[in-house]
Amino acid sequence: MSDEIRSAAVLGAGVMGAAISAHLANAGIPNLLLDMKPKDLSDREAAAGATLDHPAVANRFAAMGLERAKKSKPASFFSRRGAALVQVGNFDDDMDKLAGVDWVIEAVVENLDIKRSLYERVGKHLGPNAVISSNTSGLSAAALSDCLPAELRSRFLVTHFFNPPRYLHLLELVRGPETDAKVYERLARFGEDRLGKGIVHAKDTPNFIANRIGTYGLVHAVRLMIEDGYTITEVDKLTGKAIGRPKSATFRTADLVGLDTLIHVAANMYENLPDDPERELFQPPEFVQQMAERKWLGEKTGQGFYKKERGADGKSQILRLDPSLMEYVEQGKVALPSLELAKNIEDLGDRLKTLVSAPDRGGNFLWKNLSATLCYAADRIPEISDDIVNVDRALRWGFGWEMGPFEVWDAIGVEASCKRLRDEGRTVPKLAEQVLAADGAFYCSGRRNDGSASVGTGNGAGNGSGTLYFDLSTTGYQPVPKSEKVLELSDLKSRGTLLDSPDATLIDLGDGVACLEFHTKMNTIGPGVIQMIEKSLDFVESDDAWKGLVIGNEGDNFCVGANLLLVLTELDDENYDDVDWMVRKFQDVNQKIRFSQRPVVVAPFGLTLGGGCEIVLAADKICASAETYIGLVELGAGIIPAGGGCKEHVKRIHERAPEGVGVDLFPYVRKAFETIGMAKVATSAVEAQELDHLRETDNVVMNRDHLIWEAKRAVLAMDAAGYEPGRPRRDIRVVGEPGLAALRAGIHNMHAGGYLTDYETILGDKLAWVLCGGEVAAGSRVDEQYLLDLEREAFMTLCEDGRTLQRMEHILKTGKPLRN
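Residues numbered from 1 in each chain as written. Predicted model: local features only at pLDDT ≥ 70, side-chain atom pairs only at ≥ 80, totals over all residues. Heavy atoms only, no water.

Novice: Describe the packing of helix α31 (residues 758-771) against helix α33 (residues 802-814), and please don't skip the residues or the numbers.
Specialist: In a pair of packed helices, the angle between the axes and the distance between the axes together describe the arrangement. It is the contact of α31 with α33, at a shortest axis distance of 11 Å, that shows an interaxial angle of 100°. Considering their axes alone, α31 and α33 lie roughly perpendicular with respect to each other. Of the residues in α33, those in contact with Asp758, Tyr759, Glu760, Ile762 and Leu763 of α31 are Arg803, Thr804 and Arg807. For the contact of α31 with α33, the class distribution of residues is three nonpolar, one polar and four charged. (Axes fitted to C-alpha atoms, helices over the stretch in contact; angles between N-to-C directions. Helix = DSSP H or I, 4+ residues; strand = E, 2+ residues; numbered from the N terminus. Parallel < 35°, antiparallel > 145°, perpendicular 65-115°, else oblique. Contact = heavy atoms within 4.5 Å. Nonpolar A, V, L, I, M, F, W, Y, C, P; charged D, E, K, R; others polar.)

Novice: Before we move on, could you go through the pairing of strand β15 (residues 476-479) and cite the residues and values that matter?
Specialist: Where strand β14 (residues 468-471) and β15 come together, four bridges link them in antiparallel fashion. Across the sheet, the residue bridging to Leu468 is Pro479, located in β15. Counting the residues in the hairpin turn of β14 and β15 gives four residues, including Thr475, whose phi is positive at 50°. (Pairing = 2+ DSSP bridges.)

Novice: Describe the confidence of the model for the protein, with residues and values.
Specialist: Per-residue confidence for the protein gives a mean pLDDT of 93, with 97% of residues at or over 70. pLDDT under 50 marks residues 447-466. Its contacts with residues more than four places away, or in other chains, come to 59 contacts. (pLDDT = per-residue confidence, 0-100.)

Novice: Quick rundown of the packing of aromatic side chains? Include the residues and the values.
Specialist: Tallied over the full model, the rule gives 15 aromatic pairs. Relative to Phe442, the ring of Phe406 lies with its centre 5.0 Å away and its plane at 55°, an arrangement referred to as tilted. Separated by 36 residues along the polypeptide, Phe406 in helix α18 (residues 405-412) and Phe442 in the loop between α20 (430-438) and β12 (443-447) bring together distant segments of the chain. The burial state of Phe406 is the same as that of Phe442; both residues are buried. Ring-pair connections join several aromatic residues into one group, and the members of that group are Tyr216, Phe282 and Tyr376. Just above the ring of Phe61 sits the side chain of Arg60; from NZ or CZ to the centre is 5.4 Å. (Phe/Tyr/Trp six-rings, centres within 6.5 Å; stacked < 30°, edge-to-face > 60°. Buried < 20%, exposed > 50% of the residue type's maximum accessible area, 1.4 Å probe, protein only. Lys NZ or Arg CZ within 6 Å of the ring centre and 35° of its normal.)

Novice: Residues and numbers for helix α19 (residues 414-423), please.
Specialist: Within α19, burial applies to Val414, Ser417, Cys418 and Leu421. One side of α19 carries all its buried residues, which in axial view fall inside an arc of 100°. Exposed side of α19, more than 90 degrees from the buried face: Glu415, Ala416, Lys419 and Asp423 are the residues found there. In this structure, the buried side of α19 is in contact with α16 (361-379), α18 and α20. Backbone geometry just downstream of α19 places Gly425 in the positive-phi region, at approximately 75°. (Arc of directions from axis to C-beta.)

Novice: So, the sheet that holds strand β4 (residues 103-106): which residues are in play, and what are the values?
Specialist: Spatially, β3-β2-β1-β4-β5-β6-β7-β8 is the arrangement adopted by the eight strands of the open sheet, whose pairing is mixed. The open sheet has two edge strands, β3 (86-90) and β8 (198-202), and neither has a second partner. On average, adjacent strands in this sheet sit at an angle of 25° to one another, irrespective of strand direction. Pairing analysis gives five bridges linking strand β6 (residues 156-161) to strand β7 (residues 170-175), with the strands arranged antiparallel. Note that in β7 the partner of Leu157 across the bridge is Arg175. Along the sheet, helix α8 (residues 181-193) makes contact with β4, β5 (131-134), β6, β7 and β8, crossing β7 at roughly 180°. Across the sheet, helix α17 (residues 388-399) lies against β7 and β8, angled at about 130° from β8, the strand it touches most.

Novice: Account for the nonpolar core, with residues named and values stated.
Specialist: Counting 115 residues, the largest nonpolar core has Leu98, Phe287, Phe305, Ile388, Phe406, Trp409 and Phe442 as its most contacted members. Here this core gets 10 residues from one element, more than from any other, and that element is α16. Ignoring sequence-local partners within four residues, the contact set of Phe287 consists of Val222, Met225, Ile226, Phe305, Leu321, Pro323 and Met326. If you look at the next biggest cluster of nonpolar residues, it comprises 89 residues, including Ile676, Ala685, Ile732 and Leu787. (Core = buried A, V, L, I, M, F, W, Y, C linked by side-chain atoms within 4.5 Å.)

Novice: So what's going on with unusual backbone geometry? Which residues, and what values?
Specialist: Across the junction of Lys73 and Pro74, the peptide omega takes the value 0°, indicating a cis bond. Turning to its location among the elements, Pro74 is positioned in the loop between α4 (60-71) and β3. The linkage connecting Ile381 with the following residue, Pro382, adopts the cis geometry, with an omega of 15°. Tracing the sequence through the fold places Pro382 in the loop between α16 and α17. Of note, the phi angle at Asn523 is positive, near 55°, even though the residue is not glycine. With respect to the helices and strands, the residue Asn523 is situated in the loop between β18 (513-518) and α22 (527-541). Non-glycine residue Asp692 carries a positive phi angle of around 70°. Residue classification places Asp692 among the buried residues on the basis of a relative accessible area of 15%.

Right, dumping it as structure tokens:
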């Protein structure tokens, strides 16, 4: 059997099916998207004289699903071009095409009979090595597969994606009774490497892992709200960011998912878990049943637990449901001392510990809800999973929790919380008792000299950075399993570092490759980071044992740009020479990256803005996470890029455009002007290639957990190929005065039409001046330093304008550009 999956088909073009199809396309996998064939013509089709067999009619449902995915927000596709890899069809006319695909994913409605009926039609069309799977969110793999022929049952499993599939890391895999181990491993590898997923191995129990525990926590919060008299707003304030959960918290999440979906998930557990001691909790409260009857299902019907409407003043307002009245009322202010106190605690573990021990209403709610969820999760092992790691990963990756339940338990203290449970007359789960008898924590960081576990409260289960976990089967500590492609900087740093500073650290990745990690707030760039880049480059160049450097980190975002507060402070004090020096140093260090004697690979992810983008532009090679949101956004702060970003775009235009008489560079310059002038931020690494922030030859890494490993591998490959350092270009063609005149004419027209303010006109003029190479003759050739000097001159001129200070202050306060 070939291990490679080169093509796929998705059966069912609903919200999930179309989004899965889009993500397969993101991974470069051509796929069929099939749905039912309509039984009736629409009014438009009838008016056009179409028949049911016309392809546009026959494939209508699949085409509608594809269009929905193309227009979805957040975007399902990395780029609009990806939709070309999806071919629509229908179940009646296109089943024979399944013979040519390697993987068939069923994603039709959550109804066992409908799914089984479809499998009976599909089975005879599949190739001898094709895998078939279901995207069910909780139906039994055994019940789904027993209608298949014996040779297909060995190639069947559940592959449960979470919505939206592009963004949620989790892919739950569930074996059927006869699933072949090689088939299972084939899908696990493909899911991790090509689709970028975090694989969780679940048992064939109702709703598997994430939905089982996550739904329990949600329905428990709803019951607790009713019993103890909390409001919907209070519960959402308590169960969101404050405890390391998504901002949508409990009820906003319910509105996004859809109340009907949540009721279905809970009903599946109620019907199929007769022995679950918490079974009655999955029965919806009376007010929730009324909401369902009234079609108050959430965002899909315009109202749910919340409702958006215009107030008497004409302004939009969001009301909350009062369950006792079944009416929408103003949300009101939430006054909970524990939440106010928690705002000042940055570390999530410390914050959780403080919140659950707080004596106010907030602390009481969180203790009751969290402790119940933790106990429920502990009692579900080994029923739903053989280990705690898969449970924690499922909740982190599928529900967006920063800590899984067992990581939370370590954070609040296993011993203290178990004592509190006993004091309240509640039963301590057997698993927790066993942990207490061992070393008192679910995760630990290593072994002591006597061979016992060294307890740690790190939240490392997500990627395995907690070195050991408590294993129920051995009642001891075992290494947290992780892929060889996961290089954890936090783990490597614990063994020692090469260079250290308050702003950055140089780490040994092994095999002669070092990694520079920023750790300023939001990884902003200031003098300390610039100095560490310089020192790190000198370090790897000083010894032939070093083969190259990776610049990457494990933060929430790669780098959001320069430390604007620092720049603003200097400008406010009119220390223009100091600002000029900082700009020169940043330009110099980016050029040092370009001309390094060792290969430098940058590994961006998440927000990569301003100066962060300029570091990326300077590197020999990029290994970018697919979810890299990169752009030169300086114009929003009232300045232009001055760390080499403009220069690099001009240089790349020269390199991309062919030499010769009559070659028009202006369309390329205009595109760069629009990209930088409008502060466009790519919504993916693929779109970043389209915006020329990344090269077509740069690597796009689907799984962010593999990013540092892939970057290290790129360094080693460049070294093995005989790395040649970059050389300064002195022959860069620029469009000069004719191009500048054309851009200035456009800027003038935009200003005259009221589309640009006076200051935006000045900004646009300075940007055009730099990108065109100044006021020189068309076709002039300039060197890199000339362009850098133009950048810096334009930047400093703008810095001396008081309106720049206003814009910087505004963006620091609000996060939004000021139009002045």
